[in-house]
Amino acid sequence: MSIRDTNVVIIETGRTVVRAGLGLHDLLKTPTVEIQARVGLRQTASENGISNTNGVSEEPPLASTSRVGTSRPTASVTDYLVGTQLDEALANGQDIIVSWPFADGDVSDWTQAEAIWKYIIFNQLQRRRVQNESPVLLSIFPGLSRDTYERICQIFFERFNVAGFGILELPMAQLYAVNTLSGVVVDIGDEKTDITPVYEGFIIHSARTSTPLGLHDCQNYLAHLLRSNQNVLKALSPPGNPTDPETLHYTLLELVKQLYKDGFVKVPSDGETAAPEDEGVTDIAAVIVAGREKAVIESGMKKKATAKQSAAEQARAREIEALDLITVQFREHSLTLGKERHRFCEPLYDPSLLDNLPYSTPRNPKSAKPLPLQETVGHAVSHVGVGQRQYVWQGLLVTGDVTRHVKGIGVALQSRLAPFIGSPELQSDVQPRSIRVVTIPDYYAEYRETGNGFAAFLGLSIIAKIIFSDSNGKNFVSKADYAAKGPHSIIEMTPSLL
């Protein structure tokens, strides 16, 4: 079967977000479609004796247990609202039951999952079911049952009429993007962080784990810290007209999202040193290849401007730099913020900071308190074979949407993991000696400014270029394979699922 690169569909399925793109190019592109992994059902359409045990407001609740709604047994794929349809319905104040079918790291409702994938393929990517010439490579959570993989394969062939189909487990796609086959993937989500050790291209399922810490905890914590900033508090809740606490909290959350998405948050690490000043550019070609020409020009202009400043102006500039002050425009306010913004990720490394925090994610009182991220990662790797650990530690990949905007999370985690690689006095041939942070290489031009946030999508694109150009078709299921063997063919045609 001949497959054109322009017809290949890539779909990355995560707990709370689904990304997709059409076509493979010489320069691999970032996803063109990104939607929240949720569906909505109008309350009026779900009456018929089915009660709503999970009413959801316009803003998604922070608790992971509230992300999965109760589906109506008679609901069909066309009953569900997805993407912009759902966003508009919620914005208009309609009574909607919102469900997140992938939030638990599995497929909790097949009709809802089908509705999301259908919206991606036919609405966003404009494929036609009657004459669908597009093969699909899908990433999904690791460790699912064979029945689940077979059911997914059946949906894509029988409901979407795809030309070919393949599955790649999410952590493997993420590692392929950084050119390594062994490592530990730390995927920071909205409410959970998944840790997956991988050795020589195979996931070590016995060592996989997750922790109920995520981006929402970081947002809540920084919003709480900003309450102590009098400049912010006076602007958002004036003494003469104070804002009620709940409204103030959600306003501060908006400010926090603006701060980290604009790149104003940096995560400090133990023993971190400042980057040395450029003494001059000696290799112009290297600068251009690395895409740093703009930064070098701006650095030179800054030096010239500094040279012209008076002594008083230079002293003031040094003072501001020491205090790390920034001024941001938020709504109609001009707000001055200091170093407190860099404490954004502290709850990941010290979950006790979330104890009794107002508006924090409610946790099951019977469950144990979450361990710090560095301890969870260390314990996960400790379940890897002794002889394999040194290779796993050479590929620490910190990914997740937050890494697109917040730099330094990987290095900060690396410094906190140092106690887990053993004592120098007890070194042996199998004893890990160091931990290496891996990132997406600079030569993927479209991904230079995205951190590791799109690692899974890049890994999928790389693998799609390989498997769909394989004339033997041994790593994906063609229509002929599906006609001959049925849904079970996905197990045989995907080596990593065997």
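Anything mentioned here points back to the structure above.
Since the model is a prediction, treat every value here as computed from it, not as a measurement. (Residues numbered from 1 in each chain as written. Predicted model: local features only at pLDDT ≥ 70, side-chain atom pairs only at ≥ 80, totals over all residues. Heavy atoms only, no water.)

Visitor: How should I be thinking about the overall build of the protein chain in this particular structure?
Guide: Helix and strand counts for the protein chain come out as 17 helices and 16 strands. For the protein chain, the proportion of its 498 residues judged to be buried stands at 49%. Here the contacts in the protein chain between residues at least 6 apart in sequence split such that 69% fall between residues at least 24 apart. As displayed, the protein chain offers around 24,000 Å² of accessible surface, 51% of which is attributable to carbon and sulfur atoms. (Helix = DSSP H or I, 4+ residues; strand = E, 2+ residues; numbered from the N terminus. Buried < 20%, exposed > 50% of the residue type's maximum accessible area, 1.4 Å probe, protein only. Contact = heavy atoms within 4.5 Å. Areas by Shrake-Rupley, 256 points an atom, 1.4 Å probe, with all protein chains shown as cover.)

Visitor: I keep staring at the pattern of salt bridges and nothing clicks. Help me out?
Guide: Two side chains carrying opposite charge are able to pair once their charged atoms lie near each other. Tallied over the full model, the rule gives 14 salt bridges. In this structure, the salt-bridge partner of Arg19 is Asp401, at a minimum N-O distance of 3.1 Å. Here the residue Arg19 occupies a position in strand S2 (residues 17–22), and Asp401 occupies one in the loop between strand S15 (396–399) and helix H14 (409–416), the gap between them amounting to 382 residues. Judged by relative accessible area, which is 3%, Arg19 ranks as buried. According to the relative accessible area criterion, Asp401 is partly exposed, its value standing at 23%. A salt bridge links Glu114 to Arg159, with the nearest nitrogen and oxygen atoms 2.6 Å apart. In this pair, Glu114 is assigned in helix H2 (residues 110–124) and Arg159 in the loop between helix H3 (146–158) and strand S8 (164–169), connecting sequence segments 45 residues apart. A relative accessible area of 47% places Arg159 in the partly exposed class. Beyond isolated ion pairs, a larger network of salt bridges with shared partners links Glu12, Arg19, Glu34, Asp401 and Arg404. (Salt bridge = Lys/Arg side-chain N within 4 Å of Asp/Glu carboxyl O.)

Visitor: What am I meant to see in helix H15 (residues 455–467) here?
Guide: Helical geometry note: an α-helix holds 3.6 residues per turn, so side chains three or four residues apart project in the same direction. When the terminal C-alpha atoms of H15 are compared, their 18 Å separation across 13 residues agrees well with the 18 Å that a helix rising 1.5 Å per residue should span. Most of H15 sits out of view: 11 of its 13 residues are buried. Those residues of H15 that sit buried are Ala455, Ala456, Phe457, Leu458, Gly459, Leu460, Ser461, Ile462, Ile463, Ala464 and Ile467. Tucked into the core, H15 has its buried residues touching strand S1 (9–13), S2, strand S7 (135–140), S8, helix H4 (170–176) and S15. (Expected span 1.5 Å × (residues − 1).)

Visitor: What is the right way to look at the nonpolar core in this model?
Guide: Generally speaking, nonpolar side chains in soluble globular proteins are found buried as a group. With 53 residues, the main nonpolar core has Val186, Leu255, Phe344, Val377, Val406, Ile409 and Leu413 as its most contacted residues. Excluding residues that lie within four positions of it along the chain, Val377 makes contacts with Val184, Val186, Ile195, Trp393, Leu413 and Leu417. Judged by nonpolar contacts, the second largest core, of 45 residues, contains Ala20, Ile35, Ala113 and Phe160. (Core = buried A, V, L, I, M, F, W, Y, C linked by side-chain atoms within 4.5 Å.)

Visitor: Is there a simple way to think about the packing of helix H5 (residues 215–226) against helix H7 (residues 245–261) in this case?
Guide: Each pair of packed helices gets described by two things: the angle between the helix axes and the distance between those axes. Between H5 and H7, whose axes approach to 9 Å, the crossing angle comes to 110°. On the basis of their axis angle, the class for H5 and H7 is roughly perpendicular. Regarding H5 and H7, the two cross each other, and that crossing is right-handed. Across from Leu215, Gln219, Asn220, Leu222, Ala223 and Leu226 in H5, the residues of H7 making contact are His249, Leu252, Leu253, Leu255, Val256, Lys257, Leu259 and Tyr260. Taken together, the residues of the contact of H5 with H7 sort by class into 10 nonpolar, three polar and one charged. (Axes fitted to C-alpha atoms, helices over the stretch in contact; angles between N-to-C directions. Parallel < 35°, antiparallel > 145°, perpendicular 65-115°, else oblique. Left-handed = near helix turned anticlockwise from the far one by under 90°. Nonpolar A, V, L, I, M, F, W, Y, C, P; charged D, E, K, R; others polar.)

Visitor: Before we go on, may I ask you to explain the packing of aromatic side chains in this structure?
Guide: Both the distance between ring centres and the angle between the ring planes are used here to describe each pair of aromatic rings. Counted under the stated rule, the structure contains 11 aromatic pairs. The lysine or arginine in question, Arg416, covers the ring of Tyr349, its NZ or CZ lying 4.2 Å from the ring centre. (Phe/Tyr/Trp six-rings, centres within 6.5 Å; stacked < 30°, edge-to-face > 60°. Lys NZ or Arg CZ within 6 Å of the ring centre and 35° of its normal.)

Visitor: Would you take a moment to explain the packing of H2 against H3 for this structure?
Guide: Orientation of H2 relative to H3, taken along the N-to-C sense of each, is 45°, at an axis distance of 11 Å. Accordingly, the angle class assigned to the pair H2 and H3 is oblique. Classified by chirality, the crossing of H3 by H2 is right-handed. Within the contact between the two elements, H2 uses Trp110, Glu114, Trp117 and Ile121 and H3 uses Thr148, Arg151, Ile152, Ile155 and Phe156.

Visitor: How should I be thinking about the pairing of S1 in this particular structure?
Guide: Of all the five residues making up S1, five are buried; the element is thus mostly covered by neighbouring parts of the structure. Neither face of S1 is open: one carries Val9, Ile11 and Thr13, the other Ile10 and Glu12, and all of them are buried. Relative to S2, S1 is paired through five bridges, and the arrangement is antiparallel. Across the sheet, Val9 pairs through a bridge with Leu22, a residue of S2. What sits between S1 and S2 in their antiparallel hairpin is a turn of three residues. Where S1 lies against S7, four bridges are found, and the strand directions are parallel. Counterpart to Glu12 in the pairing with S7 is Ser139. (Pairing = 2+ DSSP bridges.)

Visitor: Looking at this structure, I do not really get the environment of Asp355. What am I missing?
Guide: Structurally, Asp355 is set in the loop between helix H11 (346–349) and helix H12 (373–382). Separated by 14 residues in the primary sequence, Asp355 and Lys369 have C-alpha atoms spaced 9.7 Å apart.

Visitor: Can you help me understand the pairing of S7 in this one?
Guide: Sheet faces and side chains relate simply in a regular strand, where the side chains alternate between the two faces. Among the six residues in S7, six count as buried, and that is most of the element. In S7, alternate side chains face the same way, and those of Pro135, Leu137 and Ser139 on one face and Val136, Leu138 and Ile140 on the other are all buried. The pairing of S7 with S8 spans six bridges and is classified as parallel. Directly across from Val136, in S8, lies its bridge partner Phe165. Viewed along the sheet, the connection from S7 through H3 into S8 turns out right-handed. (Right-handed = clockwise from strand over helix to strand, strands pointing away.)

Visitor: Can you help me understand the sheet that holds S2 in this one?
Guide: Through backbone hydrogen bonds, the strands of a sheet pair up, either in parallel or in antiparallel fashion. Judged by pairing direction, the sheet is mixed, and its six strands sit side by side in the order S3-S2-S1-S7-S8-S16 without closing on themselves. Of all the strands in the sheet, the pair left with one neighbour each is strand S3 (33–36) and strand S16 (477–478). For S2 and S3, the ladder comprises four bridges, and the chain directions are antiparallel. Each residue of the ladder has a partner; that of Val18, found in S3, is Ile35.

Visitor: What is the right way to read the sheet that holds strand S4 (residues 39–42) from this model?
Guide: Read across the sheet, three strands follow the order S5-S4-S6 without closing on themselves; strand pairing throughout is antiparallel. Edge positions in the sheet fall to strand S5 (81–82) and strand S6 (96–99), since each of these pairs with one other strand and no more.

Visitor: I tried to follow the environment of Asp401 on my own but got confused; where do I start?
Guide: In the structure, Asp401 is positioned 54 residues away from Ala455 in sequence and 9.7 Å away in space, judged by C-alpha atoms. Those residues in contact with Asp401 that sit more than four places away from it in its chain are Arg19, Glu34 and Ile188. Here Arg404 takes part through its side chain, which lies 2.7 Å from a polar atom of the side chain of Asp401. (Polar contact = N/O pair within 3.5 Å; in protein donor to acceptor, adjacent residues only side chain to side chain.)

Take it as geometry only, folks, not as evidence of what the structure does.
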